[in-house]
Protein chains: 2
Amino acid sequence: MDHSTSLLRLIFLALGAALVLLVVRSALHLPRGIDTPTTSLLDAAAAAGSSSCTRFAPWGCRQGGRTKPKPKPPSHETDVPRHPLDPLTVGEINRARELLRAHPPFASSPSSLFVHSLALDEPEKAAVLAWRKGADPLPPRRAVAVVRFRGEASVLAVDLAGGAVAPLPVPASGYPTMTMDEQVSLCSAPLADPAFNATVRRRGVRLSDVACLPISLGWYGPTEENRRLIKVQCFSAEGTANFYMRPIEGLTVLVDMDTGEVIHISDRGAGIPIPAAANTDYRYAGHMQEEGDPAAASNGAGLGFQKVRAPSMEPAASGPGVELVDGHTVRWGGWELHLKADARAGMVVSRARVQDPRTGARREVLYKGMASELFVPYMDPSEAWYFKTYMDAGEYGFGLQAMPLVPLNDCPRHARYLDGVFAAADGRPYVRENMICVFERYAGDVAWRHSESPITGMDIRESRPKVTLVARMVASVANYDYIVDWEFQMDGLIRIKVLCRYSPPPPPFSLTHINVATFLCTRFCKCMHTLYIKMERYLDV
Amino acid sequence: MDHSTSLLRLIFLALGAALVLLVVRSALHLPRGIDTPTTSLLDAAAAAGSSSCTRFAPWGCRQGGRTKPKPKPPSHETDVPRHPLDPLTVGEINRARELLRAHPPFASSPSSLFVHSLALDEPEKAAVLAWRKGADPLPPRRAVAVVRFRGEASVLAVDLAGGAVAPLPVPASGYPTMTMDEQVSLCSAPLADPAFNATVRRRGVRLSDVACLPISLGWYGPTEENRRLIKVQCFSAEGTANFYMRPIEGLTVLVDMDTGEVIHISDRGAGIPIPAAANTDYRYAGHMQEEGDPAAASNGAGLGFQKVRAPSMEPAASGPGVELVDGHTVRWGGWELHLKADARAGMVVSRARVQDPRTGARREVLYKGMASELFVPYMDPSEAWYFKTYMDAGEYGFGLQAMPLVPLNDCPRHARYLDGVFAAADGRPYVRENMICVFERYAGDVAWRHSESPITGMDIRESRPKVTLVARMVASVANYDYIVDWEFQMDGLIRIKVLCRYSPPPPPFSLTHINVATFLCTRFCKCMHTLYIKMERYLDV
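The model shown is predicted, which means the values in this text are computed figures rather than measured ones.

## Quick notes on the packing of aromatic side chains
All names here are of chain A.
So, step 1. The full count for this structure, using the stated rule, is 20 aromatic pairs over all chains.
So, step 2. When the centroid spacing of 5.1 Å and the interplanar angle of 50° are considered together, the rings of Phe106 and Phe149 count as tilted. Of this pair, Phe106 sits in the loop between helix H4 (90-101) and strand S1 (113-120) while Phe149 is found in strand S2 (residues 142-149), placing the two residues 43 residues apart along the sequence.
So, step 3. The exposure class of Phe106 is buried, given its relative accessible area of 6%.

## Focus on the UniProt feature "active site" (unreviewed entry) in chain A
Residues and elements named next belong to chain A.
So, step 1. Sequence positions flagged by UniProt for "active site" (unreviewed entry) are, in local numbering, Asp392 and Tyr480. Taken along the chain, the residues just named run across 89 residues; in space they keep tight, none of their C-alpha pairs more than 10.1 Å apart.
So, step 2. Position of Asp392 relative to the elements: it lies in the loop between strand S15 (389-391) and strand S16 (416-423).
So, step 3. If sequence neighbours within four positions are ignored, Asp392 has contacts with Glu373, Leu374, Val376, Gly397, Phe398, Val477 and Tyr482.
So, step 4. Note on placement: Tyr480 falls in strand S19 (residues 480-488).

## Notes on the pairing of strand S6 (residues 229-236) of chain B
All names here are of chain B.
So, step 1. In terms of burial, S6 is a largely internal element, eight of the eight residues being buried.
So, step 2. Here S6 shows a buried face lined by Leu229, Lys231, Gln233 and Phe235 and a second buried face lined by Ile230, Val232, Cys234 and Ser236.
So, step 3. Here strand S5 (residues 210-218) pairs with S6 via seven bridges, running antiparallel. Residue Leu217 lies in a different strand from S6, and its bridge partner there is Ile230.
So, step 4. Strand direction decides the pairing type here: S6 and strand S7 (residues 247-256), joined by six bridges, are antiparallel. When the sheet's bridge partners are listed, Leu229 is paired in S7 with Asp256.

## What to know about the environment of Arg416(B)
So, step 1. Inspection of the secondary structure assignment puts Arg416(B) in strand S16 (residues 416-423).
So, step 2. Polar contacts involving the side chain of Arg416(B) include one to the main-chain carbonyl oxygen of Val322(B), which spans 3.3 Å.

## What about helix H6 (residues 180-188) of chain A?
So, step 1. Counting buried residues in H6(A) gives seven out of nine residues, a clear majority hidden from the surface.
So, step 2. Within H6(A) the residues assigned to the buried category are Met180(A), Glu182(A), Gln183(A), Val184(A), Leu186(A), Cys187(A) and Ser188(A).

## Thoughts on the sheet that holds strand S6 (residues 229-236) of chain A
All names here are of chain A.
So, step 1. Spatial strand order, S5-S6-S7-S8: four strands in an open sheet with antiparallel pairing. Edge positions in the sheet fall to strand S5 (210-218) and strand S8 (262-267), since each of these pairs with one other strand and no more. Strand-to-strand twist in this sheet, taken as the mean axis angle between neighbours without regard to direction, amounts to 25°.

## Considerations on the pattern of salt bridges
Should the charged atoms of two oppositely charged side chains come close, the side chains can pair.
Residue and element names in this part refer to chain A.
So, step 1. In total, this model carries 50 salt bridges over all chains according to the counting rule given.
So, step 2. Here Glu92 ties to Arg141 by a salt bridge, and the two come within 2.8 Å at their closest N and O atoms. On the criterion of sequence distance, the pair formed by Glu92 in helix H4 and Arg141 in the loop between helix H5 (125-130) and S2 is long-range, its members being 49 residues apart.
So, step 3. For Glu92, a relative accessible area of 11% corresponds to the buried category.
So, step 4. Taking relative accessible area as the criterion, Arg141 reaches 10% and is therefore assigned buried.
So, step 5. One salt bridge connects Glu182 with Arg228, and the closest N-O pair in it is separated by 2.9 Å. Taken together, the positions of Glu182 in helix H6 and Arg228 in the loop between S5 and S6 put the pair 46 residues apart, joining distant regions of the chain.

## Section: the side chain of Ser236(A)
Residue and element names in this part refer to chain A.
So, step 1. In this fold, Ser236 is placed in strand S6.
So, step 2. Engagement of the side chain of Ser236 in a polar contact is seen with the backbone nitrogen of Glu238, the distance being 3.3 Å.
So, step 3. Residues within four places of Ser236 in sequence aside, it is in contact with Val205, Asp209, Phe243, Arg246, Ile248 and Ile274.

## What about the state of the cysteines?
Residue and element names in this part refer to chain A.
So, step 1. Inspection of the entire model under this criterion finds four disulfides over all chains.
So, step 2. Here Cys212 pairs with Cys234 through a disulfide, and the sulfurs are 2.1 Å apart. One quick way to see it: the torsion about the S-S bond of Cys212 and Cys234 is about 100°, and its sign makes the bridge right-handed. Of this pair, Cys212 sits in strand S5 while Cys234 is found in strand S6, placing the two residues 22 residues apart along the sequence.

## Here we look at the sheet that holds strand S9 (residues 323-325) of chain B
Pairing between the strands of a sheet comes from backbone hydrogen bonds, and it takes one of two forms, parallel or antiparallel.
All names here are of chain B.
So, step 1. Pairing in this open sheet of five strands is antiparallel, and the strands run S9-S10-S11-S12-S13 from one edge to the other. Lying at the two open borders of the sheet, with one neighbouring strand each, are S9 and strand S13 (362-370). Adjacent strand axes in the sheet meet at a mean angle of 20° when their direction is disregarded.
So, step 2. For strand S12 (residues 346-355) and S13, the ladder comprises seven bridges, and the chain directions are antiparallel. Directly across from Val354, in S13, lies its bridge partner Arg363.

What counts, and where the lines are drawn
In this numbering scheme, every chain counts its residues from 1 along its sequence in written order. Whichever chain is written first becomes A and whichever ligand is written first becomes 1, with later ones labelled in order. Totals for whole chains, interfaces and linings use all residues, but because this is a predicted model, local features are given only for residues with pLDDT of at least 70 and pairs of side-chain atoms are given and counted only at 80 or more. No hydrogens and no water enter the side-chain calculation; it runs on all heavy atoms of the structure. Pairs were defined over the aromatic rings of Phe, Tyr and Trp, the Trp ring being its six-membered one, requiring ring centres within 6.5 Å. Orientation was assigned from the angle between planes: stacked under 30 degrees, edge-to-face over 60, tilted for the rest. In this text, helices come from DSSP runs of H or I with a minimum length of four residues, and strands from runs of E with a minimum of two, each type numbered from the N-terminal end. Here the term buried applies to any residue with accessible area under 20% of the maximum for its type, exposed to any over 50%, and partly exposed to those in between, with areas from a 1.4 Å probe on protein chains only. UniProt positions are given in the numbering used here, feature names are shortened, and annotations may be inferred rather than shown by experiment. Pairs of residues are marked as contacts when any of their non-hydrogen atoms sit within 4.5 Å. We treat two strands as partners when DSSP finds at least two bridges between them. Definition of a polar contact: a pair of N or O atoms within 3.5 Å, with one able to donate and the other able to accept a hydrogen when the atoms are protein atoms, and with sequence-neighbouring residues admitted only if both atoms are side-chain atoms. To define axes, lines are fitted to C-alpha atoms, for helices over the stretch in contact only, and angles between the resulting N-to-C directions are given on a 0 to 180 degree scale. The rule for a salt bridge is simple: a side-chain nitrogen of Lys or Arg has to be within 4 Å of a carboxyl oxygen of Asp or Glu. Disulfides are defined in this document as cysteine sulfur pairs within 2.5 Å.

See below:
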């Protein structure tokens, strides 16, 4: 293309870059005074939070309706420190800023002063330990600042009460933490360089799709001495929010962090293709599918999340998410399995099937799984010990030794319980009530999440809570309590844990054995069982 | 003592043993017909459950009040099988029993027939897989029984519909699972032997305190061929429910399981003292103490549990159990700590102190803890990669990259949130809302529990849920999301986890890195940080 065109493009891009910068600044709500609408991102965040939960977790959103609508987030303008270790308040940061800008030589050109870090200069440990709330005033509040003025970095102590600003010895060399402004502006720096734009276009990437990131700052050779330099690399954001999956490989731009000038372009990856955008996006939108609906599942949208109802540990209007059908068939989160008590094995899981989110079909994961034996050889040759070779399942009956579970203490509130029906020695049946419980396990953990980094200005916050299904029984074989959990994950993974409490010596010195049993499960196979031992404190409540 | 006395003692003990057996039978509710009050233990269990929760977890009991009072537990008399794999019902067990007792040669003396196991004879896998609910009838219901008649063991197939009983080939040798009746009666068998009683008395143990348990059954030498034998060992239950801690060492009784006869007593441990009962009991009763009340704490009762309010994942009338005082001081379950956002470290935990349940005093566990650095060297020498040596905290600011947490998806319902207040490049303050959340973590796990084995007849079911405190922040550094959890256990243990999500390739093949950071914490020390890597599925929800 002719030069005038590329000049026009350059102007267009310069404007575009400036615009991006503005947008990102507002997205970052970099302050224009604490009272300006610097909460746009925060409100957006709240919205994203609830909308993300709308799309992902209906149980979250029903609650969203119940909680009182979010007011304007706190400005913290009126915050005051109440503990020696409390961080700098809004007021203290403003005060420190004034003192720094008034400090010679910065006073000559305050706009040339860049704050790389400004934080509480914590009091001596002795002073913190001596402080008593209510009785003592706070120790003198000080701030420590890392600033740069006309390319020179310095570390300063700021006495917030007295107003004194005193330099502290600064390391002979070093790079302060990048400011957010720097990180943001570096994202667009390469686009100001025609040679960069040309090589990007040669690779078939539209400049409007280019997303760059600063990598590591440092010293990159003698000719670059005494400059703050950083290498920047770029990606194609065409067709996906997950541009990290589409690197423009081998293209590295060396940028002067102070001037924004492109120092050098290393362009070695022209032959390396950019990975396709297909199926790289991770966002929930458009990926939702109806559970058990192959048509919807086969739309190729991809991720195929399972829907979660309210985890049974949540106060769910709809009740527990675990379905117990015909007394023994458990349905939950794409899983269907048959669960029953057994006099010898304790608990038997059969026909465990999980829905494949991509096809909607139920995949057979496990036909039958159970504890085959629990062998406890004491391996002591002495007369009183050599014969202690317990087989807790085969000799005692792992199910026969299973006691009724204690609601709320052995299993959470919304657990469903299964009884055992066994035959006594004379053949008559008897009932072992609440021998098995099954519940949704939600520990407040996150299964998957991604927030887009502030510097890219993309407002993405996707987060999915981790919820699993647990089937539990507990056998008390003399002084051993075996808590057996079968845990089913929505990704088709099955975890089996055996937590064993051994008769405790006096606390707090005593220990609890934890035997974690892992099963290797494949379609229609039996499971191989291994035991691991770990030590944990007794009073672990 | 003279012989008449010991004879009287013997008679007394025989009666006592019979009484114990009766008590235990009822405790076990070994059946006297399904309609008899065989639910005594079950009701007791329910009571124990709620009372145990009364004493341990008030939050459980408030709910206990809300749930409708427990009706008489189901008899399962009317249960019918609805799936090919459903276990034998009460009706089917009764039917099988009739068929077995009518089966020659058992019919000649049905009371001599002992049922060691009676369970569903599962249909062939093909039949189970072919079965369609609603469309197909259940495959023929069969039972398989392991029985003993006049000392002879056999395995029988029972056709519940046709009524046919057919022997199955039985292993040439082997020991069927002990019946509960056997296990119970073996507990008192040694007490019928004067020599046993004499040696127990010589050790200063009252016979009324003796608790015996059957160990391993087996073959114990040529002179004992063709007999079912088992070795029994005993303990002193004086002064503790935890009699397992008080073994009568070296005393081993060989018992004939069919006749109850004591065959041999091995008595080699006369010189071995029985451990003291002091501080061996594990029951909650009498151990409760007021949090923060040294007087109550120093009563020597021992265990010193911390009280738990409703875990924040429970619908608590009293609200979350986490106290947030003066904006940054967190109080929970004996812990007190200072928590704040930091531009570089992300989250700083200071002055973490936990109450010592034995003394009531707060112990200093950690003065300050934080992520010192997150170093991500790519270690690839090529031109485009060699410089990728991210220091996510020092260069980018782990806190500067922390985005607002998404309520309900990033943190559970009752989480409390802390904002970050940072300085921008021009020194002005800005707010990063909801940057840290703190919540009680309850995953339905059991911290500690013990049920007393049915065969001892002691109605003990103590179970304590595991509840912890979690402080969480998430930094999104480009395509890495670091979920940083500080977890505080009531036993004073601190766990630090860093869960890292790496920009995902398309599901379901993609993986998530999980870096678990463990800190070694001692009083007033900084923490040593190690990173481990484990692979986990992407769609792990």
